[in-house]
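A closer look at the structure
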Amino acid sequence: MNQLIACCGLSCEDCEARIATMKNDDNMRREVSVKWCQLNHTDQITPASINCMGCRTEGVKFAFCQSMCQIRKCVGTKGFETCGQCPDIMSCDLIKPLLEQYPVVKRNLEVE
């Protein structure tokens, strides 16, 4: 499976934090931090925190992806690469909102 498909099935390749990291673009980091602060109703996402190489790749991770993402924790605890390997995926309350909101997630996880 493509290592840039996150544990949850979202594409890290399309993630603004990864793109800013790959380009080493501080202006993009500032824009992303403002956007993500607004989306998440917080002021805790700083431009300096916008660094990530991808959920399942080597290298730096965005703080949420590294230590707060419950889906990533669950996948790791079960010894899977992604939710696509879990037999309980269709009844899982953690992944359900992503499956409903982003059809690409299901397609990305079915590739497995």
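Residues numbered from 1 in each chain as written. Predicted model: local features only at pLDDT ≥ 70, side-chain atom pairs only at ≥ 80, totals over all residues. Heavy atoms only, no water.

One non-glycine residue, Asn24, lies in the positive phi region at around 50°. Position of Asn24 relative to the elements: it lies in the loop between α1 (16-23) and α2 (26-40). Residue Asn24 is classed as exposed on the basis of its relative accessible area, which comes to 56%. With a phi close to 50°, His41 is a non-glycine residue in the positive phi region. With respect to the secondary-structure elements, His41 resides in the loop between α2 and α3 (63-68). (Helix = DSSP H or I, 4+ residues; strand = E, 2+ residues; numbered from the N terminus. Buried < 20%, exposed > 50% of the residue type's maximum accessible area, 1.4 Å probe, protein only.)

Our focus in this paragraph is the pattern of salt bridges. Scanning the model with the defined rule gives four salt bridges in all. With its nearest N and O atoms 3.0 Å apart, the salt bridge here joins Glu16 to Lys35. Here Lys35 lies in helix α2 and Glu16 lies in helix α1, a separation of 19 residues in the sequence. Lys35 gets classed as partly exposed once you look at its relative accessible area, which sits at 38%. Put simply, Glu110 and Lys106 hold a salt bridge, and the shortest N to O gap is 3.8 Å. Of the two residues, Glu110 and Lys106 both sit in helix α6 (residues 103-110), four residues apart, roughly one turn of that helix. Residue classification places Glu110 among the exposed residues on the basis of a relative accessible area of 52%. Under the relative-accessibility criterion, Lys106 is labelled partly exposed at 39%. (Salt bridge = Lys/Arg side-chain N within 4 Å of Asp/Glu carboxyl O.)

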